[in-house]
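Working through the structure, step by step
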Amino acid sequence: MLEKIKQTADYIRNIIQDTPDFAIVLGSGLGALKHEVDAIHTIDYKDIPNFPQTTVVGHGGKLIYGTLEGKKVLMMSGRFHYYEGHDMNTVTFPFRVFHLLGIKNLIVSNASGGVNPAFRVADIMIITDHINMMPEHPLRGKNLDEFGPRFVDMSEPYSKKMLQVAERVAQDANIDYHKGVYLALQGPTFETPAEYGMVRAVGGDAVGMSTVPEVIVAKHQGMDCFGISIITDVGGPEIAYTVSHDEVLAAADKAMPKVITIVKGLIKNY
Ligand code: HPA
């Protein structure tokens, strides 16, 4: 595992020849941020040694290195989900590589189902905390001591400082947003009405199928994390809303400009 991570990091370092300030994961339907970056290198996942391959429509498969708002960014266009059949080491492999590349800050985006009754479709939620209800923990197994400790402090999973900067950007741009707790389930089914009710009952504001393993591994390595979610559908125990992948992508497209404004402002001002 360690040898593979090193080999992949060496390959990418040889190409980009620099240390990015931020790694950014472009989640469901948030791909348009890649058009805002001044790309210097674009690398297909299939050309990167040991890199996993994506299987989901709407999730590309490229690492894009370039500048955005005067900062150096490495973007993942296309992430790896547990529901695709990958184990957690595979899901989080790129984040191990990011650490060896010297990247200290992580920005993640995703689509999620809102269970907070105040949330509407195409709202955005800045993630302040998460609940891990995935069936496998990404740090299970022998600890990679070179990356971080066996027992990881999770008192600030999402950076308060990044949150503060992002909130200021959103307020200055007159963008409405929620803050809340993202709860991760494995998917790939969307939730039943009773399951949406459970998510709410245990303290989640939104539910999704990604992000949490990535942030856990990033925190293991001492990275600062920022997460933002587009509410692409809403659910609850009394309401049997239907939801489809197409609706998720449509809502994500609608909210995308707001997310892009916030992320760009955060990168510029952090
Ligand atoms: N549940 C889980 N994942 C999701 C949802 C949802 O309702 N919407 C988008 N991703």
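Every chain begins its residue count from 1, and numbering advances along the sequence as written. Totals for whole chains, interfaces and linings use every residue, but because this is a predicted model, local features are given only for residues with pLDDT of at least 70 and side-chain atom pairs only at 80 or more, for both listing and counting. Computation of side-chain values covers all heavy atoms of the structure but excludes hydrogens and water.

**Concerning the overall build of the protein chain**
Each helix is a run of H or I in the DSSP string that is no shorter than four residues. Each strand is a run of E no shorter than two, and both are numbered from the N terminus. When you go through the protein chain residue by residue, the secondary structure sums to seven helices and nine strands. The C-alpha radius of gyration computed for the protein chain amounts to 17 Å, which stays within 12% of the reference 18 Å derived for 270 residues, consistent with globular compactness. Along the three orthogonal principal directions, the C-alpha set of the protein chain runs to about 55 × 40 × 35 Å. Burial analysis of the protein chain (270 residues in total) assigns 55% to the buried set. By sequence separation, contacts in the protein chain at least 24 residues apart represent 82% of the contacts at least 6 residues apart. Total accessible area computed for the protein chain in this model is approximately 11600 Å², and 50% of it derives from carbon and sulfur atoms. Considering the protein chain, the positive charge centre built from 25 side chains and the negative charge centre built from 31 side chains are found 5 Å apart. Using C-alpha atoms as the atom set, the radius of gyration is obtained and then compared with a globule rule of 2.2 Å times the number of residues to the power 0.38. The classification of residues rests on relative accessible area computed with a 1.4 Å probe and restricted to protein chains. Under 20% of the type maximum is buried, over 50% is exposed, and intermediate values are partly exposed. Any two residues whose heavy atoms approach within 4.5 Å are treated as being in contact. A 1.4 Å probe and the Shrake-Rupley method give the accessible areas. Residues count as covered only by the protein chains that appear here. By the counting rule applied here, Lys and Arg register as positive and Asp and Glu as negative, while His and the ends of each chain are not counted. Working definition for charges: the position is that of NZ of Lys, CZ of Arg, CG of Asp or CD of Glu.

**Here we look at the packing of aromatic side chains**
Side-chain rings of Phe, Tyr and Trp, where Trp is taken by its six-membered ring, are said to pair if the distance between their centres is within 6.5 Å; with planes under 30 degrees apart they count as stacked, over 60 as edge-to-face, and otherwise as tilted. Counted according to the given criterion, the structure contains six aromatic pairs. Both rings, one in Tyr 45 and one in Phe 51, keep their centres 4.8 Å apart while their planes meet at 50 degrees; by these two values the pair is tilted. In this structure Tyr 45 comes out as buried when scored by relative accessible area, which is 1%. Ring centres 5.4 Å apart and planes at 45 degrees place the aromatic pair Tyr 45 and Phe 80 in the tilted group. Note that Tyr 45 is positioned in the loop between strand E2 (38-44) and strand E3 (62-68) and Phe 80 in the loop between strand E4 (71-77) and helix H2 (88-91), a separation of 35 residues in sequence. Judged on exposure class, the residue Tyr 45 and its partner Phe 80 are both buried. Ring pairing ties together the aromatic residues Tyr 45, Phe 51, Phe 80 and Phe 93, which thus form one cluster.

**As for the side chain of Glu 84**
With respect to the element layout, Glu 84 can be found in the loop between E4 and H2. Any Lys or Arg side-chain nitrogen located within 4 Å of an Asp or Glu carboxyl oxygen qualifies as a salt bridge. For the buried Glu 84, no salt bridge exists, and the shortest N-O distance to an oppositely charged side chain is 8.2 Å, to Arg 79. Each polar contact in these results corresponds to two N or O atoms within 3.5 Å; when the atoms are within protein, one needs to be able to donate a hydrogen and the other to accept it, and residues that are neighboring in sequence are counted only if both atoms are side-chain atoms. Of the polar contacts made by the side chain of Glu 84, one reaches the backbone nitrogen of His 81; its length is 2.7 Å.

**A look at the packing of helix H1 (residues 2-16) against helix H3 (residues 93-100)**
Axis angles are defined between N-to-C directions and span 0 to 180 degrees, where every axis is a line fitted to C-alpha atoms and, for a helix, only to the segment in contact. Between H1 and H3, whose axes approach to 9 Å, the crossing angle comes to 60 degrees. As H1 runs across H3, the sense of the crossing is right-handed. Contacts between H1 and H3 involve Lys 4, Ile 5, Lys 6, Thr 8, Ala 9, Ile 12 and Arg 13 from the first element and Phe 93, Arg 96, Val 97 and Leu 100 from the second. Throughout this entry, Asp, Glu, Lys and Arg are counted as charged residues, while Ala, Val, Leu, Ile, Met, Phe, Trp, Tyr, Cys and Pro are counted as nonpolar. The remaining residues, Gly among them, count as polar. Among the residues forming the contact of H1 with H3, the class breakdown is six nonpolar, one polar and four charged. By definition, turning the near helix anticlockwise from the far helix through less than a right angle yields a left-handed crossing, and turning it clockwise yields a right-handed one.

**Concerning the site of the ligand**
Neighbouring residues of the ligand: Ala 111, Ser 112, Gly 113, Phe 190, Glu 191, Tyr 196, Val 207, Gly 208, Met 209, Thr 232, Asp 233 and Val 248. Within the side chain of Glu 191, a nitrogen or oxygen atom sits 2.5 Å from a nitrogen atom of the ligand. One nitrogen or oxygen atom from the side chain of Thr 232 is found 3.3 Å from a nitrogen atom belonging to the ligand. With the chains in place, 95% of the 260 Å² that the ligand exposes on its own is no longer accessible. Mapped onto the shell around the ligand, the elements with two or more residues apiece are strand E5 (105-114), strand E8 (206-208) and strand E9 (224-234). Here the shell around the ligand takes three residues from E5, the largest share from any one element. In terms of residue class, the shell around the ligand is built from six nonpolar, four polar and two charged. Here a residue is considered near a molecule or strand provided that any single heavy atom belonging to it is located within 4 Å of it.

**Observations regarding a nonpolar patch on the surface**
Nonpolar side chains (Val, Leu, Ile, Met, Phe, Trp, Tyr) within 5 Å and like charges within 9 Å form the patches, drawn only from residues with over 30% relative accessible area and no salt bridge. Together, Met 133, Met 198 and Val 202 give the surface a local cluster of nonpolar side chains, amounting to about 220 Å² of exposed area. Here Met 133 is to be found in the loop between strand E6 (124-132) and helix H4 (160-172). The class of Met 133 is partly exposed, set by a relative accessible area of 33%.

**As for the environment of Asn 132**
Take Asn 132: it is sitting in strand E6. Along the chain, Asn 132 and Gly 204 lie 72 residues apart, while their C-alpha atoms are 10 Å from each other. Each residue touching Asn 132, except ones within four places of it in the same chain, is listed here: His 137, Ala 184, Val 212 and Ile 216. Among the polar contacts made by the side chain of Asn 132, one reaches the main-chain amide nitrogen of Met 134 at a distance of 3.2 Å.

**Topic: H4**
Between its first and last C-alpha atoms H4 spans 18 Å; for 13 residues at 1.5 Å apiece the expected length is 18 Å, and the two agree. What H4 keeps buried is the set Met 162, Leu 163, Val 165, Ala 166, Glu 167, Val 169 and Ala 170. The inward-facing, buried residues of H4 abut strand E1 (22-26), E5, E6, strand E7 (178-184), E9 and helix H7 (245-269). Its side-chain oxygen at 3.2 Å from the backbone nitrogen of Lys 161, Ser 159 defines the N-terminal cap of H4. One or two residues past the end of H4 sits Asn 174, with phi positive at roughly 60 degrees. Here, expected helix span is obtained from the residue count minus one, scaled by 1.5 Å.

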